[in-house]
Amino acid sequence: MAKQARSSRPAPRDRAITSALSKWFRSAARDLPWREEFRARRDPYRSLVSEFMLQQTQVSRVLEKFEPFLQRFPTVGALAAAPEQDVLAAWSGLGYYRRARLLHACAKSIVRDFGGVVPRDVDSLQELPGIGRYTAGAIASIVFNRPEPIVDGNVCRVLQRLDAKPGSASDKEVIAWAWERAESLVKQCPNSPSQREGAGGGRRDADVATPATFNEGLMELGALVCTPAAPKCLVCPLRDLCLAREQGLVDEIPAPKARAKRSRVYHDTVVVWRKTARGVEVLLEQRPATGLWAGLWQPPTVESATRTRRTLKSLLAELGLPASAAKVKPREWVFQTTHRDVCFRVWPLQLAHDAGSPRRWCEEAELAGVGFSNAHKEVIALAR
Ligand code: ADE
């Protein structure tokens, strides 16, 4: 059950926060393709896709991929009916491919369990694959103007600074505090769902703070003004309400998080290519269904947990590829994911070899349509 909005009157400072932020958001928000300001209300499917894409990915990268993805899958039904490989290919470049699979599963569940209509309440939204508390709150509030809180790293930082709450934004106690604070603020936004729901978050009502404008304002302020380093306090719409600023603590809050140790893995990758009458083809294999870059394609690769000196001869034997007398000097290159360094040794090799299952030859011109990680795009470019 969704919790009821509080009936008590908002505290004056909270009221000032929600209205100043909403006012600022209406005038300063970036014009992003999933923010259709002047439509009667947001398209839930577009918002759903944008929220999945924006999980752990920068807006600039999402901007490149968002419209092509929607052109390829214009409706939730089209996405649900598409083969997984097509979804992964359209996701290519956004990283964290597990999200693409979850979005696909989410679309299938919306079609199967909700008659193809994106649900409005956070409880139903959270039943869908890939939708946690944040994404459910974002869709319920931004699309349907429900007074539901959202907290991610950006929002946590903004709230911590506003209230001079010490601690790291990754600390469990701080995160629990931030959800409570976000909830009490959004529930004080004057237009309750019964008054305004579905009316585009009241975006045209210039003076009114709505759940939609307040929540998206929090996200936007964290992204543009209340940044982790060098926040732009002088232009902040909440500067006179910010306790961290008043107490000179903006640079101390939030505290830096304890760094987890990065791990390393070693990939020996042979970029095998051959010439055909139609051009050049590259040999590919599919990665395992779980783990890093699950299910994506890559040139044949041997992975090790420690640095292992291999010759081309031993590598080809390990991969079950025919021996070659070519003299190849591998190129070394490190790709950083969030938690690990993938140390590549890239071996370019021309070979007239019959791929055989489970590998396949792929024409160079068709590589763009294959589900690849950014790392493997770079690996192929390195070898060419
Ligand atoms: N990050 C997550 N959701 C977002 C949104 N709707 N706009 C901008 N950045 C976001």
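Residues numbered from 1 in each chain as written. Predicted model: local features only at pLDDT ≥ 70, side-chain atom pairs only at ≥ 80, totals over all residues. Heavy atoms only, no water.

Caption draft 1: The overall build of the protein, seen in detail. Counting its regular elements, the protein contains 15 helices and 7 strands. Dimensions of the protein along its principal axes, counting C-alpha atoms only, are 80 × 50 × 35 Å. In the protein, the share of contacts with a sequence separation of at least 24, taken over all contacts with a separation of at least 6, comes to 67%. Carbon and sulfur atoms make up 52% of the accessible area of the protein, which totals about 18500 Å². In the protein, 58 positive and 42 negative side-chain charges are present, and the distance between their average locations comes to 4 Å. (Helix = DSSP H or I, 4+ residues; strand = E, 2+ residues; numbered from the N terminus. Contact = heavy atoms within 4.5 Å. Areas by Shrake-Rupley, 256 points an atom, 1.4 Å probe, with all protein chains shown as cover. Lys, Arg positive; Asp, Glu negative; His and termini not counted. Charge placed at Lys NZ, Arg CZ, Asp CG, Glu CD.)

Caption draft 2: Fine view of the site of the ligand. Neighbouring the ligand are Trp34, Arg35, Glu51, Leu54, Tyr134, Glu216 and Met219. Residue Arg35 places a side-chain N or O atom 3.1 Å away from a nitrogen atom belonging to the ligand. Protein burial of the ligand: of its 260 Å² of free accessible surface, 90% is covered by the chains. Elements supplying a minimum of two residues to the shell around the ligand: helix H2 (44-54) and helix H12 (211-224). Along the lines of polarity and charge, the residues of the shell around the ligand split into 4 nonpolar, no polar and 3 charged. (Near = heavy atom within 4 Å. Polar contact = N/O pair within 3.5 Å; in protein donor to acceptor, adjacent residues only side chain to side chain. Nonpolar A, V, L, I, M, F, W, Y, C, P; charged D, E, K, R; others polar.)

Caption draft 3: Structural view of helix H9 (residues 153-163). With respect to burial, H9 is a largely interior element, 8 of its 11 residues being buried. Taken residue by residue, H9 has Val155, Cys156, Arg157, Val158, Leu159, Gln160, Arg161 and Leu162 as its buried positions. Looking at the packing, one finds that the buried side of H9 touches helix H1 (12-28), helix H10 (172-187), H12 and helix H13 (243-246). For H9, the N-terminal cap is Asp152; the gap from its side-chain oxygen to the backbone nitrogen of Asn154 is 3.1 Å. (Buried < 20%, exposed > 50% of the residue type's maximum accessible area, 1.4 Å probe, protein only.)

Caption draft 4: Examining the nonpolar core more closely. With 57 residues, the main nonpolar core has Tyr45, Leu48, Phe69, Trp91 and Ile131 as its most contacted residues. Looking at this core, you find at least three residues from each of domain 1 (11-246) and domain 2 (263-383). Residues in contact with Ile131, not counting those within four places in the same chain, are Leu48, Phe52, Cys106, Leu125, Gln126, Ala136 and Ile139. With 37 residues, the next largest nonpolar core counts Cys156, Leu159, Cys189 and Phe214 among its residues. (Core = buried A, V, L, I, M, F, W, Y, C linked by side-chain atoms within 4.5 Å. Domains from an automatic or database assignment.)

Caption draft 5: Representation of the environment of Leu125. Positionally, Leu125 belongs in helix H7 (residues 122-126). Overall, the relative accessible area of 0% leaves Leu125 in the buried class. Distance from Leu125 to Ser19, taken between C-alpha atoms, is 27 Å for residues 106 residues apart in sequence. When residues no more than four places from it in sequence are discounted, the contact partners of Leu125 are Val118, Pro119, Arg120, Ile131, Ala136, Ile139 and Ala140.

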